[in-house]
Amino acid sequence: MNPRFSWPDERLIKAAQDGDVTSLTTVVMESQPHVRKFAKSLCASPQDAEDAAQEALIILYRKIGTLRATGALASWMFRIVRNECLRQVRFLVHRNDEQPAEPEASAEPSAEEAVLHRLEVERIAAAVGALPRDQRQVLIMRDVQGLPGRTVALSLGLSNAAMKSRLHRARAAVRQSLEAIDQAPEQATDQAA
């Protein structure tokens, strides 16, 4: 890795955890390139990546005292960025679900239905989050954000055929992931019997 962009050393992190504002500022500044790189690799769009990176750096600034091991900064920041990207996907899925398809579909769901729906959104968000970046970008832009295929292809610098191929692979991977999750409880029940 380029030494110019190395992670902060443990002494600096410890000083930041102990409340030294100068050290904390330095830790945030030295972590920023890595956090942005994580976000670009995990989020669907450059704007989402920038939002996730900013949120992760704010969390780092506010909660560095909760970091248990000073050597775990990179993995802690990766988890924060990943969670932010997943939160953005959940938000988009939830926002799209709130748009009423039919005027008479305004009946409030029961508490059980609301919990089941939230669990389903979590499962889908996790499956989408596990996709390789190129597939995740196409799937979110096309299926979650609802952008036209040509717009997605152009914004990612792909041919229409390449965009469709990635979208197909992404949808298949999400479907396979969800089916695997659905089959796991059945297999556990079969083994218990």
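Because the structure is predicted, anything quoted here is derived from the model rather than measured.

A. Seen up close, the overall build of the protein chain. A tally of regular secondary structure across the protein chain gives eight helices and zero strands. Listing the helices and strands of the protein chain from first to last along the sequence gives α-α-α-α-α-α-α-α. Relative to its 193 residues, the protein chain shows a buried fraction of 33%. Contacts spanning at least 24 positions in sequence make up 65% of the contacts within the protein chain whose residues lie at least 6 apart. Put simply, the protein chain shows about 12100 Å² of open surface, and 54% of that area lies on carbon and sulfur atoms.

B. Just the pattern of salt bridges, in detail. Scanning the entire structure with this criterion turns up five salt bridges. Where Asp9 meets Arg11, a salt bridge forms, and the shortest distance between an N and an O atom there is 4.0 Å. Given the relative accessible area of 39%, Asp9 is considered partly exposed. Relative accessible area serves as the criterion here: at 69%, Arg11 is assigned to the exposed category. The closest approach of N and O atoms between Arg166 and Asp134, which form a salt bridge, is 3.7 Å. Residue Arg166 is found in helix 8 (residues 160–192), and its partner Asp134 is found in helix 6 (residues 133–144); the two are separated by 32 residues along the sequence. Since its relative accessible area comes to 21%, Arg166 is described here as partly exposed.

C. Molecular detail of the confidence of the model for the protein chain. A residue-level look at the protein chain finds 80% of positions with pLDDT of 70 or above and a mean pLDDT of 79. Confidence scores differ between elements of the protein chain, with helix 5 (residues 111–129) showing the lowest mean pLDDT of 74 and helix 1 (residues 10–17) the highest of 90.

D. Just the packing of aromatic side chains, in detail. Applying the stated rule across the entire model yields two aromatic pairs. Consider the rings of Phe38 and Phe78, whose centres lie 5.1 Å apart with planes at 90 degrees: the pair is edge-to-face. Highlighted residues: Phe38 in helix 2 (residues 21–42) and Phe78 in helix 4 (residues 73–98), separated in sequence by 40 residues. Residue Phe38 is classed as buried on the basis of its relative accessible area, which comes to 18%. For Phe78, a relative accessible area of 31% translates into the label partly exposed. By way of ring pairs, the aromatic residues Trp7, Phe38 and Phe78 are connected into one cluster.

E. Structural context of the nonpolar core. With 25 residues, the main nonpolar core has Val27, Leu60, Leu73, Met77 and Val81 as its most contacted residues. Every element with two or more residues in this core is listed here: helix 1, helix 2, helix 3 (46–63) and helix 4. Broken down by element, this core gets its largest block of residues, seven residues, from helix 2. Among residues more than four places away in sequence, those in contact with Val27 are Pro8, Leu12, Ile13, Ala16, Leu60, Ile64 and Leu73.

F. Up close: helix 1. Among all positions in helix 1, only Leu12, Ile13, Ala16 and Gln17 are buried. Relative to the axis of helix 1, the buried residues are bounded by an arc of 140 degrees and lie together on one face. Capping the start of helix 1 is the job of one residue whose side-chain oxygen sits 3.2 Å from the backbone nitrogen of Arg11: Asp9.

G. Structural view of the side chain of Gln17. Position of Gln17 among the secondary structure elements: in helix 1. Separated by 3.3 Å, the side chain of Gln17 and the backbone oxygen of Ile64 make a polar contact. Setting aside residues up to four positions removed in sequence, Gln17 forms contacts with Ile64, Gly65, Leu67 and Thr70.

Procedures and definitions
Residues numbered from 1 in each chain as written. Predicted model: local features only at pLDDT ≥ 70, side-chain atom pairs only at ≥ 80, totals over all residues. Heavy atoms only, no water. Helix = DSSP H or I, 4+ residues; strand = E, 2+ residues; numbered from the N terminus. Buried < 20%, exposed > 50% of the residue type's maximum accessible area, 1.4 Å probe, protein only. Contact = heavy atoms within 4.5 Å. Areas by Shrake-Rupley, 256 points an atom, 1.4 Å probe, with all protein chains shown as cover. Salt bridge = Lys/Arg side-chain N within 4 Å of Asp/Glu carboxyl O. pLDDT = per-residue confidence, 0-100. Phe/Tyr/Trp six-rings, centres within 6.5 Å; stacked < 30°, edge-to-face > 60°. Core = buried A, V, L, I, M, F, W, Y, C linked by side-chain atoms within 4.5 Å. Arc of directions from axis to C-beta. Polar contact = N/O pair within 3.5 Å; in protein donor to acceptor, adjacent residues only side chain to side chain.

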